[in-house]
Amino acid sequence: MFTIYDIEVFPHEWLVVFEQDGQITRVHNDRDALMRHLSGVRILVGYNNYNYDDKIIAAILKDLDPYETSQKIISGKPFSLRLNNPLTLDVMQEINKQGLSLKEAQANMGQSIFETPIAFDLDRPLTTQELERVFRYCENDVLATKEIFEKRESYFASKFELVKEFKLPLSEVKKTRAQLSASILKAKKKPKVEEDRLTISLDERFFKNSLPQTVLDFFQSLNDRFTAGADPEDLEKEKLTYTLCGVEHQYGLGGLHGARENYQGKGQYMQIDISSFYPTLMINHHLISRAATQPELYKRIYNQRLQLKQANDPKQEIYKLVLNSTFGASKSKWNPLYDPRQFNNITAYGQLVLTNLIVLLEAYVELVQSNTDGIIVQYENEELIRGLCEGFSEYYQVSFDIDLIDRIAQRDVNNYVVRYQNGKIKAKGRFAYFEGGNYERNSLTIIDKALVDYYMKGIRMNKTVVDCWKKGELERFQLVAKAGKFDGMAHEVFYQTLLEDNRVSEFKPIQKVNRVFATKDREVGGVYRTKKDKYSKVPYTSDHCLVWNKELSKLDKRKIDLNWYIREIEKHVF
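Along every chain, residues carry numbers that run from 1 in the direction the sequence is written. Totals for whole chains, interfaces and linings use all residues, but because this is a predicted model, local features are given only for residues with pLDDT of at least 70 and pairs of side-chain atoms are given and counted only at 80 or more. The basis for every side-chain value is the complete set of non-hydrogen atoms in the structure, without hydrogens or water.

**Observations concerning the packing of aromatic side chains**
So, point 1. Stacked, tilted and edge-to-face pairs are distinguished by plane angle, under 30 degrees for stacked and over 60 for edge-to-face with tilted covering the rest, among Phe, Tyr and Trp rings (Trp via its six-membered ring) whose centres lie within 6.5 Å. Going through the model one piece at a time under the given rule, you end up with 23 aromatic pairs.
So, point 2. Centroid distance F392 to Y396: 4.7 Å. Interplanar angle 40°. Geometry classified as tilted. Residue F392 and its partner Y396 are located together in helix α14 (residues 382–396), separated by 4 residues, close to a single helical turn.
So, point 3. Measuring from centroid to centroid gives 4.9 Å for Y455 and F574, while their planes differ by 20°, and the two rings are stacked. On the criterion of sequence distance, the pair formed by Y455 in helix α15 (residues 445–457) and F574 in the segment after α17 (562–570) is long-range, its members being 119 residues apart.
So, point 4. Note on exposure labels: buried denotes an accessible area under 20% of the residue type's maximum, exposed denotes more than 50%, and partly exposed covers the range between, all computed with a 1.4 Å probe on protein chains only. Overall, Y455 belongs to the buried group, its relative accessible area being 5%. The numbering of helices and of strands both runs from the N terminus, where a helix is a DSSP run of H or I of at least 4 residues and a strand a run of E of at least 2.

**What about the sheet that holds strand β15 (residues 479–482)?**
So, point 1. A pair of strands is considered paired only if DSSP assigns at least 2 bridges between the two. Taken together, 3 strands build an open sheet; the order of strands is β15-β18-β21 and the sheet is antiparallel. A single partner strand is all that each edge strand has here, and the edge strands are β15 and β21 (545–547). Neighbouring strand axes in the sheet, compared pairwise and without regard to direction, differ in orientation by 40° on average.
So, point 2. Judged from the 4 bridges that link them, β15 and strand β18 (residues 513–518) form a sheet pairing that is antiparallel. The partner of V480 across the bridge, within β18, is R515. What counts as an axis is a line fitted to C-alpha atoms, over the stretch in contact for a helix, and the angles between N-to-C directions run from 0 to 180 degrees.

**A short note on the nonpolar core**
So, point 1. L89, F219, I272 and I375 are the most contacted members of the largest nonpolar core, which totals 103 residues.
So, point 2. Residue contributions to this core peak at 10 residues, all from helix α13 (residues 340–361).
So, point 3. By definition in these notes, contact holds between two residues if any of their heavy atoms fall within 4.5 Å. Discounting residues that sit within four places of it in the chain, I375 has contacts with M270, Q271, I272, D273, L354, L357, I358, L361, L367, Q369 and S370.
So, point 4. A409, L444, I447 and M461 belong to the second largest nonpolar core, which has 41 residues in total. For the purposes of this section, nonpolar cores are sets of buried Ala, Val, Leu, Ile, Met, Phe, Trp, Tyr and Cys residues that join through side-chain atoms within 4.5 Å.

**Quick word on the pairing of strand β9 (residues 263–274)**
So, point 1. For β9 and strand β12 (residues 400–412), the ladder comprises 10 bridges, and the chain directions are antiparallel. Among the inter-strand pairings, M270 is bridged to a residue of β12, identified as L404.
So, point 2. Here 5 bridges tie β9 to strand β11 (residues 374–379), and the two strands are oriented antiparallel to one another. Its bridge partner being in β11, I272 is matched across the sheet by I375.

**Comments concerning the side chain of T326**
So, point 1. On the secondary structure map, T326 appears in helix α12 (residues 316–329).
So, point 2. T326 has contacts with S181, L185, M282, Y298 and L337, leaving out every residue within four places of it along the chain.

**Quick notes on a positive patch on the surface**
So, point 1. On the surface, a cluster of positive charge is made up of K485, K531, K532 and K534.
So, point 2. Turning to its location among the elements, K532 is positioned in the loop between β19 (524–531) and β20 (534–537).
So, point 3. For K532, a relative accessible area of 75% gives the class exposed. The patches reported here contain residues having more than 30% relative accessible area and no salt bridge. Joining distances are 9 Å for like charges and 5 Å for nonpolar side chains (Val, Leu, Ile, Met, Phe, Trp, Tyr). Here the open area of atoms and residues is found with the Shrake-Rupley method and a 1.4 Å probe, where only the protein chains shown may cover a residue. Every case where a carboxyl oxygen of Asp or Glu lies within 4 Å of a side-chain nitrogen of Lys or Arg is listed as a salt bridge. Residues scored as charged are limited to Lys and Arg (positive) and Asp and Glu (negative), so that His and the chain ends carry no count. Positions of charges follow a simple convention, taking NZ of Lys, CZ of Arg, CG of Asp or CD of Glu.

Quick look at the structure:
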């Protein structure tokens, strides 16, 4: 059903590699062969192909010069041709880490990431040997694309389910989930939505005696200044810092955030989350995008999702996607659901509802953290807290998910780890990858694991480091560094001159994506990003780096400097 592909283009030739069910097919400078192969393809899958490969294929089928097309795409010039048949999917679409290159993903997965040494602007035909090398390079990319596609199976399956469930044309599966939500709700972009962008209308239930007046005044001020002609983009960036329940909080037109910094403890803690918070607010306060021509369908999807969730039906996840994507789409100018007034009111309401919950519980708990749709508190009387939440739930027509925690370590609101009473561990930020990295991020996860082991299990950090090294978990020690917006990368290398005691260094160019380790070898220096004649050391790397771009399994672990990693972990202890 799925055919994975990748294309490479040079001034004098082009080549494509296809893979399906373990079979590799090569096409080189043969438009007819390409057309024959595509005639038997049902769904074509690539990586970043919506922006590049699909357009090249469309150009070749139209008998246009693929190299000229490639240069036009790279330079950002308009290109109207689209590949409509066969249907294509882009593995890079909506990937969590923005700008994740295929080479970076391969590095994260421990694969060889050697880049082709053959310049793509080579002004002559490739030799037989060069052509074979490029084909192997291309095949490697195809297999990596297939592996990531399989890891993202649930994402693409959810889009096919949405298309099927809501009877959309199959071609709609190419859209993002937010775009699909617009199609499902039959959105029609409304004109003049900017005119009431910051008209914040507070619900009559927000009585002055139940919320801090300073907070209410802040949101009212945004409304008043917008009405008076102030720039809405400037107003939307404004923040109010307010101490609530002994914790400094940030209010604005986003989620509410506050946390006790450098905090750790064990005992009786409770995580109180408001279920499906924003979708609930959207329904309760009539804040569904006004561009949705069938807002009642959103309510039906919401209720259907609740029924499926109660029945433990996994199908509830696709309904959840529509509900959450509709909220985000209301702030996207490029989505038919765009309605900034509704978005701003939802976030304002959300902060006020959460504030009211904190005020209600303040006398009975110690607040540890507030984060958009929930709070973590230390408590003494569980029955009392649950009772207060039940009354709050009825008043605001929301429901809660409550979980009990017995240990927490929190650097700030974005970096924390908790252990639930059932033994499950949840981590965010610097702690998040304690179980290991993935194709999106796999750099210095030894830090995450050592910190979680230390705070949640009482294991010494150096023991975690040595144990992982002994087990050969070398991916935990790598840092994947890429040039990004810089021109390239370089590795400093030291050498001895003929003069006694005269040791100098030079910067040797390396490829644009590299796997880096701290090493005990003092003949090598740091890794740098380069721009013209300027060198910027890659952050969080040692002064002595080993660059290893072969398969990770072939690395000699004795070259790794474990002491450097232990020192880095200690910097994160609070």
